[in-house]
Amino acid sequence: MKRVFLRLRASSCFFAFMLTTAGISSAAGKDQQIEALTSRVVDFSGSWELDYKLTEDPRDKLRWLYEVARSQIQQQNAAMRDPSGRGRMPNDLNRRAINNLEGIIGLGSLAEMMARSVVLTVKQSEDYIMVERQGDFSLTCDFIDGQRSGTNLGEEYCGFDSQGQLIFIVSLPEGLTVRNRLVLSQDGSRLNVATTVRSSNFSQEFTLNRVYMPFEAGKGLYECTYTLAKKKTCWLRPAE
Amino acid sequence: MNALTPSQKRKPAGSDPRNNYVAMNSTWLAPPWLIFTGIVFLSSCSSTPQVEEQPVAKTVELNQALMTISDNTGESFNSTTSRRLNVSIAIFNKGILEQTSKRHIYNRVRQAESNYLPVVLRNTLLESQHWGAVRVIPEIDPTTEVSVTAEILESTAVELSLKVRVVDARGIVWLDQVYSDVSTDHGYGYGSDYSVSDGTNESREPFQDLYNDIANDMYLVRSKLGETEVSNILDMATLRYAIALSPQAFSEYLEVNEDGSVEMSGLPARNDTMYSRVKKIRESEYRFIDIMDEQYDSFFKNMQTVYPYWRQYSYELMVYNRELEQVGTKRKPRTGNWTVLKNVYHTYQEFKMNEDALRELSSSFESEIKPTEAELEGQVVKLSGSLQNQYNDWRELLQEIYTLERGN
């Protein structure tokens, strides 16, 4: 497998990065760009902390989507009324619209639950990557022979696409599919993690974009270590 | 070599549970080449029978001392009246993981299991009270009285499959077969202590039947040995150790047959000082192994804070997926209930977090192995590195001492 191992450091506008990632939410078809044979490997390694300024607030996004959906329902409702103005939207359409609204809220709350980490630590080699997410499980990918795994957990897929975006997909029981897409800005100053949640009983999907910025590990307030005897132990770092 | 196999419990062909539990429902994201690959894959699957034979859960009681067992021939044996042989269990070979699995991820888990599972077997053998010292050691030791090695063929929450080989010091193969067991839901429970015995003699290990099976088979072979054969094993073990220390001095007492088995052509004289010295050195080696054994035991106890939960979640997910497959609703959600989806994800999340902890624990085991301090000839020797390195260093040290004393 031919790979280009590089870290994009060109000074390019962050706007393009956000445009790219913003488009992800509505572009399930773009996943068809996952081509293992022509994938481009980007170096994500390092420590990343949440950039609150650029990160989407799930509640704000939900509220906005809710308003959009409600507005659409109202418009549909109005369009379906009979000329006399006394008719109502057919029950099945009304029910479907309400279900869609509930679906968005449901997916949104799931996405919020799935993307809460404020610190990421990425360890990467040429054949393996581990994205440690504080307070959550790690996303791991074996580029050599473990990009697709069908285990007891359902179906998992991971890998780089041709644009150097790292994708993790898991299909769980009940038709639940979760996709995490990691995109590095061209100047390497920001890392976007787009978490998309989809349920097979619902036509839409919900994407939450969380943006991280690099920081120097070991400079935090706490220092932690994991030992067999004491498990995870953290202590206050002495002032320098 | 003679292969004594009192019972055959071989894994049925094609019983890989992954064939049954794989879920394939992400076509909404799949590119065309992937769909094609999937079709090819599914086509290849369709050539196998729809209903595959699965290992059947069974209950196997552990034969314990003070109990007399009899085999089909009606012969009986009471271990309390016979000499108890020492058993060494080498840490298990972790086997070869499937190409398609996430090797980097599961290697750590499998690595941990290769240290964990032998301790379960050790505890089972100890609980049976048919054996002398039962120790877990870093590598195969042919000089031990009874040596157990095993390869992990399959280790999931639902199925455990081990290829076990038991050989005595004469080179006679007691067992060489695959043991498989499937767990049942009663083997799992939150907050359970999965130690072999929790003080109430109630087994909590989901695959305890498998370990009982191995222990019983070992005991059955042992029960057929006469006192002469047992003495022979003891002498051979000591002689082999002596040869390992000084081949020139002792290899003349051993003859290797064409079939690979070995026979003693004689023994050094009882008053042979060097042979007595060998026995003394061996005692010090046993003490050293006991120290290492404690480290495995410590790891085992630490593993119990994570591993049972990891298996618990794994079990739930596997059973859940299997049930979905059986009712043919794998790709169709049963309900549109968001709480159900949250629960599904929560279970997956817990499973993965336990997997992380297990991986971290396994890494810690490797990095935190304590240097071993042992007394040797009135001096304290400190060894560091992996347990296997320590073990090899210790044996080399003993050999050097012996060579120096012997003056060659």
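These numbers come from a predicted model, not from an experiment.

### Notes on the overall build of chain A
No. 1: The helix and strand tally for chain A stands at three helices and 14 strands.
No. 2: When the 240 residues of chain A are sorted by exposure, 35% land in the buried category.

### A word on the overall build of chain B
No. 1: Helices and strands together make up the secondary structure of chain B, namely ten helices and eleven strands.
No. 2: Out of the 408 residues belonging to chain B, those deemed buried represent 39%.
No. 3: Of the contacts formed within chain B by residues at least 6 apart in sequence, a portion of 73% connects residues at least 24 apart.

### Things to note about the nonpolar core
One recurring pattern in soluble globular proteins: nonpolar side chains tend to sit buried together.
No. 1: Ranked by internal contacts, the top residues of the largest apolar core, which has 63 residues, are Val87(B), Tyr116(B), Val164(B), Val166(B), Ile214(B), Met218(B) and Ala242(B).
No. 2: Examining the composition of this core, we find that ten residues originate from one element, helix α7 (residues 273–303) of chain B, more than from any other.
No. 3: Sequence-distant contacts of Val87(B), that is, excluding residues within four places in its chain, are made with Leu125(B), Trp131(B), Val134(B), Val146(B) and Val148(B).
No. 4: With 43 residues, the next largest nonpolar core counts Val41(A), Ile169(A), Val197(A) and Val211(A) among its residues.

### What to know about the sheet that holds strand β5 (residues 146–155) of chain B
Within a sheet, each strand pairs with its neighbour through backbone hydrogen bonds, oriented either parallel or antiparallel.
Residue and element names in this part refer to chain B.
No. 1: Pairing within the open sheet is mixed, and its five strands lie in the order β4-β3-β5-β6-β7. Each of the sheet's edge strands pairs with one partner strand only, and the pair in question is β4 (134–137) and β7 (173–182). For this sheet, the mean inter-axis angle between neighbouring strands, taken without regard to orientation, is 20°.
No. 2: Two strands pair when backbone bridges link them, and strand β3 (residues 87–90) and β4 are joined in this way by four bridges, in the parallel orientation. Paired with Ile 89 across the strands is Val 136, a residue of β4.
No. 3: Against the sheet, helix α4 (residues 208–223) contacts β6 (159–168) and β7, and its axis sits at roughly 160° relative to β7.

### Structural notes on unusual backbone geometry
No. 1: For Glu174(A), which is not glycine, the phi torsion reads 65° and is therefore positive.
No. 2: Topologically, Glu174(A) is positioned in the loop between β9 (166–172) and β10 (176–184).
No. 3: The backbone of Gln129(B) shows a phi angle near 60°, a positive value even though the residue is not glycine.
No. 4: Note that Gln129(B) resides in the loop between α3 (103–128) and β4.

### Focus: α4(B)
No. 1: The terminal C-alpha atoms of α4(B) lie 22 Å apart, and with 16 residues this matches the ideal 22 Å at 1.5 Å per residue to within 8%.
No. 2: By the criterion of burial, α4(B) is predominantly enclosed, with 15 of the 16 residues buried.

### Re the packing of helix α5 (residues 227–245) of chain B against α7(B)
All names here are of chain B.
No. 1: Interhelical geometry of α5 versus α7 gives an angle of 95° and a closest axis separation of 10 Å. As summarised for this structure, α5 and α7 are arranged roughly perpendicular, according to the angle between their axes. On α7, the residues touching Thr 238, Tyr 241, Ala 242 and Leu 245 of α5 are Tyr 275, Val 278, Lys 279, Ile 281 and Arg 282.
No. 2: In the contact of α5 with α7, the residues fall into six nonpolar, one polar and two charged.

### Focus: the confidence of the model for chain A
Any segment with low pLDDT has predicted coordinates that should not be analysed in fine detail.
No. 1: Across chain A, the average pLDDT comes to 75, with 67% of residues at 70 or higher.
No. 2: Here residues 1–37 of chain A is a poorly scored stretch, pLDDT under 50, and it has 60 contacts once near neighbours within four places are set aside; other chains count.

### A look at the pairing of strand β3 (residues 46–50) of chain A
Residues and elements named next belong to chain A.
No. 1: Pairing between β3 and strand β4 (residues 119–124): four bridges, direction antiparallel. By the bridge assignment, Ser 47 is partnered in β4 with Thr 121.
No. 2: Across four bridges, the pairing between β3 and strand β12 (residues 205–215) is antiparallel. Note that in β12 the partner of Trp 48 across the bridge is Pro 214.

### Regarding the confidence of the model for chain B
Residues and elements named next belong to chain B.
No. 1: The predicted model of chain B averages 70 in pLDDT, with 59% of residues at 70 or higher.
No. 2: Here residues 1–53 scores under 50 on pLDDT; set against residues more than four positions off or in separate chains, the count is 83 contacts.
No. 3: Across residues 327–334, where pLDDT falls below 50, the model places 13 contacts with residues more than four positions away in sequence or in other chains.

About the criteria used
Residues numbered from 1 in each chain as written. Chains lettered and ligands numbered in written order. Predicted model: local features only at pLDDT ≥ 70, side-chain atom pairs only at ≥ 80, totals over all residues. Helix = DSSP H or I, 4+ residues; strand = E, 2+ residues; numbered from the N terminus. Buried ≥ 20, exposed ≤ 12 C-beta atoms within 10 Å, placed from the backbone. Contact = placed C-beta atoms within 7 Å. Core = buried A, V, L, I, M, F, W, Y, C linked by C-beta atoms within 7 Å. Pairing = 2+ DSSP bridges. Axes fitted to C-alpha atoms, helices over the stretch in contact; angles between N-to-C directions. Expected span 1.5 Å × (residues − 1). Parallel < 35°, antiparallel > 145°, perpendicular 65-115°, else oblique. Nonpolar A, V, L, I, M, F, W, Y, C, P; charged D, E, K, R; others polar. pLDDT = per-residue confidence, 0-100.

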